[in-house]
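Tertiary structure, described
Spelled out from the first residue to the last, the chains are:
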Amino acid sequence: MRSLATAVEPLPTTLAHDAAVQSRVSEQEQFGIVSDVQRWSIHDGPGIRTTVFLKGCPLRCLWCHNPELQRMSPETTYDPAVCSACGACVDECPSDATRLVNGRIVFRRRLCQACGLCVDMCLNDARSIVGKRTSAAQVLDEVMRDVPFYERSGGGLTVSGGEPLAQADFAETLLRGARQRGLHTVLDTCGYAGTPVLTRVAQWADLILYDLKGMMPEVHKRVTGVSQRLILHNLRQLLDHGAQVWIRIPVVRDLTDDPENFTAIARFLATTGRPHRIELLTYHEHGVSKYGLLGRQYSIAADSVPAGSKIKQAKAILEQTGVAVSVTA
Amino acid sequence: MTARTQKLKSIVLNRQPSIEADRAELVTAVYQENEGAPTVLTRARALERVLTRMPLHIQDGELLVGRVSAHPDRVPVYPEYSVRWIADGLGRGLECTEDLDADSLSRLEQALAYWDGKTVWDFGHRFLDSEVSGALEAGAFLHSSGIDGLGRIVPGYDQVVRNGLNHVIREIDARLPRASGQDATMLEASRTAAQAVIAWSRRYAGLARQLATGETDLNRKRELEQIAEICDNVPANGARTFREGLQSVLFMHLAVQIESNGHGIGLGRLDQYLHTLFERDLVTGAIDREQAAELLQCFFIKLAEIPKLRKAGSYRMAREGGISGTMFQNLTIGGVNAAGADASNDLSRLIMEAMGGIRVVQPTISLRYSPATARQTITAAAGLISTGIGMPAWFNDSTSTHMLLEEGVPQIDVWNYSMVGCIYPTMPGQSGHDASPGVFNMAKCLEITLNNGVDPVTGNRVGLATGMANDFKTFDELLDAFHRQMTYLIGLMMRPWPGIVAAYRDLAPLPLLSCLVDDCIERGRDVCADGARYHACRLPATGNANVADSLAAIRKFVFEQRLLTLSQVLEALAHDFVGYDDVEKRLARAPKYGNDDAYVDSIARETATMFCTEVRKYSDPFGGYYIPVLGVANWHWAAGSMTGALPDGRRKGLPLADGGVSAHYGRDHKGPTSLMHSATSLDHYMTGGTLLNVKFDPSVFLEAETSEKAVSLLEGYFALGGHHCQCNVVSTAELKAAQANPQDYRHLIVRVAGYSAHFVQLSKTVQDEIIARTAHSVR
């Protein structure tokens, strides 16, 4: 039986630490906007992984293949091609965002609150909601389902997006929670965030997948919407502090496939700590159709797949850094 | 593949099978001469007659000899089991009779005429009363009631390889003085059978010698002389070389299948019992690794060559399902030794390499996986999977072992188990036949429940009146009605079976096979009469995923959200959803099994447990318990073709969910780890085997890194308690191209269920089902 005296003794240091952890927002109370928890993810880090996609990104890369993850708030996708204009969605909509006009559905996105009532009513799967407010505990519960698969393959949790640092507290809670549960953790980031924010989240990641679009200032600004300065600064911080980093470079015809771009990257990496791997991600068209579903325009040539010779050249240039370079379609 | 094996393979692939009269004629004559003699003696004499009189043939280039008929394209007939369908179908639509010559036709007709009313089927059929027949016609369950021999057994070939058949004969002789009556007769019969096999092998030796004399090619002459030497020695005596070992196994394996046409005769742990010979030959330099691979390929071709005449009605869609050329000959590799350490070896890996080189659909290679299995064996297995032929199938040692312990196999023996049929662990040379009453159709059971005992497809009352669908107030009432219906229908299914098993016992004992199964000789009892040390009578079910998906849809939309009424659902089903698009689409949106969704997985677990518990209530004809199985070879098509539209959104006549614990094709969209969680939400330990199909896009196996991840996936499944997994590695685009241009894709092999088959030989329904299975890709 415990005496009253022991109960009032000062907490041992480990418990004090736990108490400090608990003083943060708990996993049950930390919410984020999650678009997908994708299991059997085998191209986002080592082993079999579960990738959690967070919504919201400060960049607007022209080729973005996940445009539904750019905005932070939940969105409704609508596919007129499979819509039968039955009107079931119209009656349900509390915001008057959907109307049946002359036998056609008119969807006014600006009024849509992404409540999802129309999605439940639509029997044609013409609608879906991207982004759901979810607690970190809920996400981690699902992530933990696949522990038997992580254990055998060296996999774990990858937090991706969008840009996970756009929901830094949530991303941190996920990575920390996974780390505390003994999982291997990966942060997939474009690096565009305040350095303290990045380092705070990155401390919980065993590996960082770091996107690098290019070195040329005008081009970078034009194709991503932001300057590369902060991105390069953060990358240098991580590499110089010995973080495990895989650099991932999207190769898009005419936008990022200039050999000079890769020469500049190689030169930059010669002045920093070494990344563990460089992955060239060749452009694919899988994202093109999503723009229509979001009522947006795709602004670059549909066929932006880089020439094979360009990829080879880029690989050769980057291999001069002495880092292993892989190419992924 | 060498020039030799390439040529031998193409002969088998391009043959035009046609039935032959020899076996039927010889067997019939013996029966006529021996009327009144003990059946078991007649059986032994019949086998002896066939083996001493059947025409023999050695194909040019063959290194291993023997076959069940005189020629690769001749299919023998087994009138002891059933004849009416053969007699009726001769030259009139029965497969393999299209080009039958007039002489064979009349000889066959004459032989078959003797058998009407005397076969196993005739005897067993008497036990099918009107209730059983009604349910059978409706497709509530399917069984063959004595159409062909019992199968799914692994004979103890290892004993013959080691000691020779003469040793068995000596054992019989030693046992005989203590025997009397029936036991003595049985032992006499077994000795006759064993001696007949030796005589048969010596005939091959004679033929080889004769061919050698006339052979002008000196290399071939030498090969034929070697064949003669080998056939003089095995299977009479223990094998002295790896090649003799293979020839010994082959002779026994073929002779067992000349005695009876039951399929699913397994080869057991070939990599274990031939390993000593293999290793010794490599060390002494008698053969090198390439020659050993060529011998294995020759062996595989001989197994792929074994034909079987099948009744379309009993094995519905057998032909379309690619089963015509499939004898379910399981060859097991890997696993552990008696000390629990890894047993996989260089021969295990060479077997996989040789199969990767020759790519034939038989034998079915099964890998026993344990955490101790060597990495290089696992890498070799991943390499064979990546060729796309669906082999090896992976089996979890820990789950298999548990199943066998549950079946009564003692701990001390269980390490040596082997796979048989598609997915069953069994004890090689110790377990008896799988006398299975057939396959239970759970989806039809639900259909009958929803219609108050009436089968909506035939309109006949076949089940209990468990209540009108509209009267169910709660989901649990419906589930309870389903349970009662299942109890009743399983009872019907079991009802005739003891009689049918008795027919096998009394009319078709197997004196040769009894030589190869412990403790038949010791007990003086035939393997069909409870002579085997262990029993395993299994009862598989198909359609559990469809039942779970259907019940989940009803629970959600009828009882919870009340968006539909049960009568609306039934009306839509009665019209196969034509004109009821909204109902169909609504039902399709319910949670589906295969996505790690507890809402539906919990129902799947409940219905599967219901089935397993029901089946376990029955004693098998040998005093053991019936073992429920969640996995079927191709019966999900047969059962599906007889089942109407279902509340899970599946249309009438389409195949049910494939495998046994797989999701309904195309409904699993959350990746294979989620599928595997759903699959292991069911209790594999309650069963005697489960079957999971996983289809991968070839991209997964393009790089070593992702290919290793696929292996980790299978290992993770086993850590969760999964029993079996088999993989297709083929792109949807390639399957569609093969469907459109079959002539260009004759080589394409896919995993169907517990076996592989040539894709272009499958019917369109079956091809479509395989195309519709979810292809897991890199993401």
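1. A word on the overall build of chain B
Secondary structure summary: chain B contains 33 helices and 16 strands in total. Counting only C-alpha atoms, chain B reaches 85 × 65 × 50 Å along its principal axes. When burial is assessed residue by residue, chain B has 66% of its 779 residues classed as buried. Taking as baseline every contact in chain B between residues at least 6 positions apart, the subset at least 24 positions apart corresponds to 76%. When the accessible surface of chain B is totalled, it reaches about 25,200 Å², and 49% of it is carbon and sulfur. For chain B, the separation between the mean place of its 76 positive charges and that of its 90 negative charges on side chains is 1 Å.

2. Concerning the layout of surface pockets
Think of a ball as big as a water molecule: rolled over the atoms, this probe shows where empty space is left. All names here are of chain A. Reported here for the second largest pocket is a volume of approximately 1,600 Å³. Together, 48 residues line the second largest pocket, and Asp-44, Phe-53, His-65, Asn-66 and His-284 are the ones closest to its centre. Residues belonging to the lining of the second largest pocket are distributed by class as follows: 17 nonpolar, 18 polar and 13 charged.

3. Details of the side chain of B:Arg243
All names here are of chain B. For Arg-243, the position within the fold is in helix H12 (residues 242-259). Among buried Asp, Glu, Lys and Arg side chains, Arg-243 stands out as unpaired, with Glu-223 the closest opposite charge at 6.7 Å. Beyond its immediate sequence surroundings of up to four residues, Arg-243 is in contact with Leu-63, Leu-64, Glu-223, Gln-226, Ile-227, Ile-230, Asp-281 and Leu-295.

4. Examining the sheet that holds strand E1 (residues 31-41) of chain A
Residues and elements named next belong to chain A. Pairing in this open sheet of nine strands is mixed, and the strands run E7-E1-E2-E8-E9-E10-E11-E12-E13 from one edge to the other. Every interior strand has two partners, whereas the edge strands, strand E7 (132-135) and strand E13 (325-328), have only one. On average, each strand axis in the sheet is inclined to that of its neighbour by 30°, with strand direction left out of account. The pairing of strand E2 (residues 49-54) with strand E8 (residues 156-161) spans five bridges and is parallel. Bridged to Leu-54 within E8 is Gly-161.

5. Focus on a negative patch on the surface
Negative charge collects at one region of the surface, where B:Asp471, B:Asp476, B:Glu477 and B:Glu606 lie side by side. According to the relative accessible area criterion, B:Glu606 is partly exposed, its value standing at 43%.

6. Digging into the interface of chain A and chain B
In this assembly, 26 residues from chain A lie in contact with 30 residues from chain B. By the criterion of area lost to chain B, the three top residues of chain A are A:Trp40, A:Leu123 and A:Phe149, representing 33% of everything that side buries. The tally of links between chain A and chain B comes to five salt bridges. Among the ionic pairs, A:Arg145 bridges to B:Asp596, the shortest N-O distance being 2.6 Å. If you look at where chain A meets chain B, you find 17 residue pairs in polar contact (both at pLDDT 80 or more). Those elements that place two or more of their residues in the side of chain A that touches chain B are E1, helix H4 (117-121) and helix H6 (147-153) of chain A. In terms of residue count, E1(A) provides more of the side of chain A that touches chain B than any other element does, five residues in total. Across the side of chain A that touches chain B, the residue classes break down as 11 nonpolar, seven polar and eight charged.

7. Observations regarding the pairing of strand E12 (residues 693-696) of chain B
All names here are of chain B. In E12, alternate side chains face the same way, and those of Asn-693 and Lys-695 on one face and Val-694 and Phe-696 on the other are all buried. As judged from the four bridges shared by E12 and strand E13 (residues 724-729), these two strands associate in the parallel manner. Each residue of the ladder has a partner; that of Lys-695, found in E13, is Asn-728. For the handedness criterion, the β-α-β arrangement of E12, helix H31 (residues 704-719) and E13 is classed as right-handed.

8. Things to note about the packing of helix H7 (residues 168-180) of chain A against helix H8 (residues 195-202) of chain A
Residues and elements named next belong to chain A. In contact at an axis separation of 9 Å, H7 and H8 are set at 20° when each is read in the N-to-C sense. In this view, H7 runs roughly parallel relative to H8, as classed from their interaxial angle. In the crossing of H7 with H8, the sense of the turn from one axis to the other is left-handed. Across the interface between the two elements, Ala-168, Asp-169, Ala-171, Glu-172 and Leu-175 from H7 touch Val-197, Arg-200 and Val-201 from H8. Looking at the contact of H7 with H8 residue by residue, the classes come out as five nonpolar, no polar and three charged.

9. Let's talk about helix H7 (residues 130-138) of chain B
Residues and elements named next belong to chain B. Those residues of H7 not exposed but buried are Val-132, Ala-135, Leu-136 and Ala-138. Down the axis of H7, the buried set is contained in an arc of 165°. They therefore lie on one face. Of the exposed residues in H7, those oriented more than 90 degrees away from the buried face are Ser-130 and Glu-137. For H7, the secondary structure elements touched by its buried residues are strand E3 (141-142), helix H20 (442-450) and helix H21 (475-494). Looking one or two places after H7, you find Gly-139, whose phi comes out positive at around 90°.

10. Looking at helix H5 (residues 102-113) of chain B
Residue and element names in this part refer to chain B. For H5, with 12 residues, the first-to-last C-alpha span of 16 Å sits near the 16 Å given by 1.5 Å per residue. What H5 keeps buried is the set Ser-104, Leu-108, Ala-111 and Leu-112. Buried residues of H5 fall within an arc of 95° about the axis and therefore sit on the same side. Summarising the geometry of H5, the exposed residues directed more than 90 degrees from the buried face are Ala-102, Gln-110 and Ala-113.

11. Here we look at empty space enclosed by the protein
Residues and elements named next belong to chain B. Here the structure, examined in full by the defined rule, presents 16 cavities of 30 Å³ or more. Within this model, the second largest cavity holds a volume of roughly 100 Å³. Together, 14 residues line the second largest cavity, and Asp-668, Leu-675, Asn-693, Arg-773 and Thr-774 are the ones closest to its centre. Looking at which element gives the most residues to the lining of the second largest cavity, the answer is E12, with three residues. Classifying every residue of the lining of the second largest cavity gives four nonpolar, six polar and four charged.

12. A word on the nonpolar core
Soluble globular proteins tend to pack their nonpolar side chains together in the buried interior. Residue and element names in this part refer to chain B. The biggest cluster of nonpolar side chains holds 234 residues, and the ones touching the most others in it are Trp-200, Phe-242, Phe-440 and Phe-611. The biggest single contributor to this core is helix H10 (residues 181-214), with 14 residues. Those residues in contact with Phe-611 that sit more than four places away from it in its chain are Phe-440, Met-442, Met-486, Ile-490, Leu-539, Pro-540, Ala-541, Pro-628, Val-629 and Leu-630.

13. Topic: the packing of helix H15 (residues 289-305) of chain B against helix H16 (residues 346-358) of chain B
All names here are of chain B. Relative orientation of the contacting elements H15 and H16 amounts to 65°, with a least axis distance of 9 Å. With respect to the hand of their crossing, H15 and H16 are arranged in right-handed fashion. On the side of H15, the interface is formed by Arg-289, Ala-292, Ala-293, Leu-296, Gln-297, Phe-300 and Ile-301, while H16 contributes Asp-346, Leu-347, Leu-350, Ile-351, Glu-353, Ala-354, Met-355, Gly-357 and Ile-358. Its residues assigned to classes, the contact of H15 with H16 shows 11 nonpolar, two polar and three charged.

14. So, unusual backbone geometry
With omega at 20°, the peptide bond leading from A:Gly161 into A:Gly162 counts as cis. A cis amide bond, omega 0°, links B:Val234 with the succeeding residue B:Pro235. Tracing the backbone through its elements, the reader meets B:Pro235 in the loop between helix H11 (218-233) and H12. Of note, A:Asn102 is a non-glycine position whose phi angle comes to about 50°, a positive value.

15. Focus: the packing of aromatic side chains
To describe a pair of aromatic rings, one takes the distance between the centres and the angle between the planes. All chains considered together, the criterion is met by 18 aromatic pairs over all chains. Ring centres of A:Trp40 and B:Phe696 lie 6.1 Å apart, and the angle between their planes is 40°; on these two criteria the pair is classed as tilted. On the criterion of chain membership, the pair formed by A:Trp40 in strand E1 and B:Phe696 in strand E12 is interchain, its members lying in two chains. Considered together, A:Trp40 and B:Phe696 belong to a single accessibility category, that of buried residues. The ring of A:Phe107 carries A:Arg127 above its face, with NZ or CZ at 4.8 Å from the centroid.

16. Topic: the confidence of the model for chain A
On average, residues of chain A carry a pLDDT of 91, and 93% of them reach 70 or more. Confidence drops under a pLDDT of 50 for residues 1-20 of chain A, and excluding neighbours within four residues, the segment shows two contacts in the predicted structure.

Criteria and thresholds
Just so you know, the residues in each chain are numbered from 1, in the order the chain's sequence is written. Whichever chain is written first is A, and whichever ligand is written first is 1; the rest continue in order. Two thresholds apply to this predicted model, a pLDDT of at least 70 for residue-level local features and 80 or more for giving and counting side-chain atom pairs, whereas whole-chain, interface and lining totals are computed over all residues. Calculation of side-chain values draws on the structure's entire complement of heavy atoms; hydrogens and water are dropped beforehand. Going along the chain from the N terminus, every DSSP run of H or I of four or more residues is numbered as a helix, and every run of E of two or more is numbered as a strand. Relative accessibility thresholds used throughout: buried, under 20% of the residue-type maximum; exposed, over 50%; partly exposed, between the two (1.4 Å probe, protein chains only). The criterion used for residue contact is that any of the two residues' heavy atoms lie within 4.5 Å. All accessible areas in this document rest on Shrake-Rupley with a 1.4 Å probe, and a residue is counted as covered only by the protein chains that are shown. Residues counted as positive are Lys and Arg, residues counted as negative are Asp and Glu, and His and the chain ends are not counted. Every charge is mapped onto a representative atom, which is NZ of Lys, CZ of Arg, CG of Asp or CD of Glu. Using a grid of 1 Å spacing that covers the protein atoms alone, one calls a set of points a cavity when a 1.4 Å probe fits there but cannot get out, and a pocket when the set is open and has protein on both sides within 12 Å along at least five of seven lines; lining residues are those with an atom within 4 Å of a point. Grid points are joined across faces, edges and corners, and a volume is the space filled by probe spheres set on the points. Amino acid classes used here: Ala, Val, Leu, Ile, Met, Phe, Trp, Tyr, Cys and Pro are nonpolar; Asp, Glu, Lys and Arg are charged; the rest, including Gly, are polar. Salt bridges are defined as contacts in which a side-chain nitrogen from Lys or Arg sits within 4 Å of a carboxyl oxygen from Asp or Glu. If DSSP finds at least two bridges between two strands, the strands pair. What counts as an axis is a line fitted to C-alpha atoms, over the stretch in contact for a helix, and the angles between N-to-C directions run from 0 to 180 degrees. Grouping into patches uses exposed residues only, defined as over 30% relative accessible area, and leaves out salt-bridged ones; the cut-off is 9 Å for like charges and 5 Å for nonpolar side chains (Val, Leu, Ile, Met, Phe, Trp, Tyr). Buried area is a sum: the accessible area each of two parts loses on coming together, probed at 1.4 Å, counted once for each and added. Whenever a nitrogen or oxygen atom comes within 3.5 Å of another N or O atom, the pair is scored as a polar contact, on the condition that within protein one atom can donate a hydrogen and the other can accept it, and that pairs from neighbouring residues in sequence are kept only if both atoms are in side chains. A right-handed crossover is one whose linking path, passing over the helix from the first strand to the second, runs clockwise when the strands point away from the viewer. Comment on the angle field: the value is read as roughly parallel under 35 degrees, roughly antiparallel over 145, roughly perpendicular from 65 to 115, and oblique elsewhere. By convention the crossing between two helices is left-handed if the near helix lies anticlockwise of the far one by an angle smaller than a right angle, and right-handed if it lies clockwise. Directions from the helix axis toward the C-beta atoms define the arc. The length a helix should cover is 1.5 Å for every residue beyond the first. Within this scheme, the nonpolar core is defined by two criteria: the residues are buried Ala, Val, Leu, Ile, Met, Phe, Trp, Tyr or Cys, and they are joined through side-chain atoms within 4.5 Å. The aromatic pairing rule takes the rings of Phe, Tyr and Trp, using the six-membered ring of Trp, and pairs them if the centres are within 6.5 Å, calling planes under 30 degrees apart stacked, those over 60 edge-to-face and the rest tilted. A ring has a charge above it when a Lys NZ or an Arg CZ is no more than 6 Å from the ring centre and no more than 35 degrees off the ring normal. The predictor rates its confidence in each residue with pLDDT, a number between 0 and 100.

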